[in-house]
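Next come the chains, spelled out residue by residue.
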Amino acid sequence: MGRDNYLVFTALLVFSFSLFNLASTYNLIINFGSAVTGFATDSGVVNLTVGSVVSINFTNASVNFGSGEVNSSATFATINTLGSVVNGTWAPETLKFLIINLGNENATLNFSSGKNASTFIGGNVSIASYQYNVSNVETGACVPPAGFSLGTFYEVNTTPVSREICADFLPGKNITIDIKLVIPDNSNLGILTDTVTITYEAS
Amino acid sequence: MNEKQRLAVILLVIAIILLVTSVVIEISIAGAQKAREEDSKGRVSEATGVVQLEILSSKEGGVNGEG
């Protein structure tokens, strides 16, 4: 009889431990799901862990200069998204790439394009040019890396092909990328398209 | 097997099932947390935009390049 009581007592002990362990596991599941629970009779502290998210989005993902031609009296035309058209018949364009950091972490941004001036615009290689210019919308939105300046036009696809443009792009902030094209009078004709890519990761 | 022994066996079986389940869940969660952390740190993503224009011939309508 005494041995049976000891057996039941031991079984109850193990069962209680398993229940305690189950409660611990339940708490782990709740924390993993980023849910918040708390109970206090007087005062207490709720610790909340917000998962890190890195997300960059093009608010405006299209720059379309429309149709135009180089003035017959000129050897090249220059157009950009600052609204400037020189020696060409394109309508002034001010819609530029607008990029926002939707995440909650600083991000590092790299810029690259699918084509360079020769493959995109064609014509006289010493004249054709395809450039981009990164600017902050809010002060301090993008902290540029060493050797790269905001507000300056750079030729695309020069070395390195994918260039770091922001060492730290702050959450909730915006940057713009202007595009500038120099089009020789013997350039490619028709509708020309290129895709620019921003690669990003948490900085 | 008397009543107390049966009760002890049932409790032990339930306890073992609960313990094994807890251990499996905790191991799974630990693995998922590690994967989540590595994913958010090392992941490189991308976003794309398009540049487009149409270039018309300025020499159109002429012969030998005459406008």
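Treat the numbers as computed from the prediction; the structure is a model and nothing was measured.

Conventions and cut-offs
Residues numbered from 1 in each chain as written. Chains lettered and ligands numbered in written order. Predicted model: local features only at pLDDT ≥ 70, side-chain atom pairs only at ≥ 80, totals over all residues. Heavy atoms only, no water. Contact = heavy atoms within 4.5 Å. Buried area = accessible area lost by both parts, 1.4 Å probe. Salt bridge = Lys/Arg side-chain N within 4 Å of Asp/Glu carboxyl O. Polar contact = N/O pair within 3.5 Å; in protein donor to acceptor, adjacent residues only side chain to side chain. Helix = DSSP H or I, 4+ residues; strand = E, 2+ residues; numbered from the N terminus. Nonpolar A, V, L, I, M, F, W, Y, C, P; charged D, E, K, R; others polar. Pairing = 2+ DSSP bridges. Expected span 1.5 Å × (residues − 1). Buried < 20%, exposed > 50% of the residue type's maximum accessible area, 1.4 Å probe, protein only. Phe/Tyr/Trp six-rings, centres within 6.5 Å; stacked < 30°, edge-to-face > 60°.

A. Broad picture of the interface of chain B and chain A. Contact residues are listed per partner, giving 38 residues for chain B and 61 residues for chain A. Summing both partners gives a buried area of about 4,500 Å² for chain B against chain A, and 61% of it is carried by carbon and sulfur. Inspection of the region where chain B meets chain A yields zero salt bridges. Counting every contact that joins chain B to chain A gives 20 residue pairs in polar contact (both at pLDDT 80 or more). Ranked by residue count, the leading element in the side of chain B that touches chain A is helix H1 (residues 3–42) of chain B, at 20 residues. For the side of chain B that touches chain A, the class distribution of residues is 18 nonpolar, 12 polar and eight charged.

B. Representation of the pairing of strand S12 (residues 190–202) of chain A in the model. Summarising the sheet, strand S6 (residues 107–113) of chain A and S12 of chain A pair through seven bridges and their orientation is antiparallel. Within S12 of chain A, the position partnered with Thr108 of chain A by the bridge is Glu201 of chain A.

C. Spatial organisation of helix H1 (residues 2–32) of chain A. Between its terminal C-alpha atoms H1 of chain A stretches 45 Å, which fits the 45 Å expected from 31 residues at 1.5 Å a residue. Here H1 of chain A has its buried residues at Asp4, Val8, Ala11, Phe15, Ser18, Asn21, Thr25 and Ile30 of chain A.

D. Molecular detail of the packing of aromatic side chains. Residue and element names in this part refer to chain A. What the rule picks out here adds up to five aromatic pairs over all chains. Summarising the aromatic geometry, the rings of Tyr132 and Tyr154 are spaced 6.4 Å apart at their centres and angled 40 degrees between planes, so their arrangement reads as tilted. On the criterion of sequence distance, the pair formed by Tyr132 in strand S7 (residues 129–136) and Tyr154 in strand S9 (residues 153–155) is long-range, its members being 22 residues apart. Tyr154 matches Tyr132 in its accessibility class, with the two residues each being buried. Given a relative accessible area of 16%, Tyr154 falls into the buried group. Members of the aromatic cluster, each reached through a chain of ring pairs, are Phe111, Tyr132, Phe148 and Tyr154.

E. Highlighting the sheet that holds S12 of chain A. With mixed pairing, six strands are arranged side by side in an open sheet as S2(A)-S1(B)-S12(A)-S6(A)-S10(A)-S8(A). The open sheet has two free edges, formed respectively by strand S2 (62–68) and strand S8 (142–143) of chain A, since each of these has just one partner strand. Across five bridges, the pairing between S2 of chain A and strand S1 (residues 45–55) of chain B is parallel. Bridged to Asn64 of chain A within S1 of chain B is Gln52 of chain B.

F. Quick look at the pattern of salt bridges. Residues and elements named next belong to chain A. For the structure on display, the rule yields one salt bridge over all chains. Linking Asp178 and Lys96 is a salt bridge whose minimum nitrogen-to-oxygen distance equals 3.2 Å. Of the two residues, Asp178 is situated in strand S11 (residues 174–184) and Lys96 in the loop between strand S4 (85–86) and strand S5 (97–101); the sequence distance between them amounts to 82 residues. On the accessibility criterion, Asp178 (3% relative accessible area) is buried. Taking relative accessible area as the criterion, Lys96 reaches 22% and is therefore assigned partly exposed.

G. Representation of the side chain of Asn60 of chain A within the structure. Residue and element names in this part refer to chain A. Among the secondary structure elements, Asn60 is positioned in strand S1 (residues 56–60). For Asn60, a relative accessible area of 17% gives the class buried. One polar contact links the side chain of Asn60 to the main-chain carbonyl oxygen of Ser62, over a distance of 3.1 Å. For Asn60, the side chain forms a polar contact with the main-chain oxygen of Lys96, separated by 2.6 Å. What Asn60 contacts, discounting residues up to four positions off in sequence, is Leu95, Lys96, Phe97 and Leu98.

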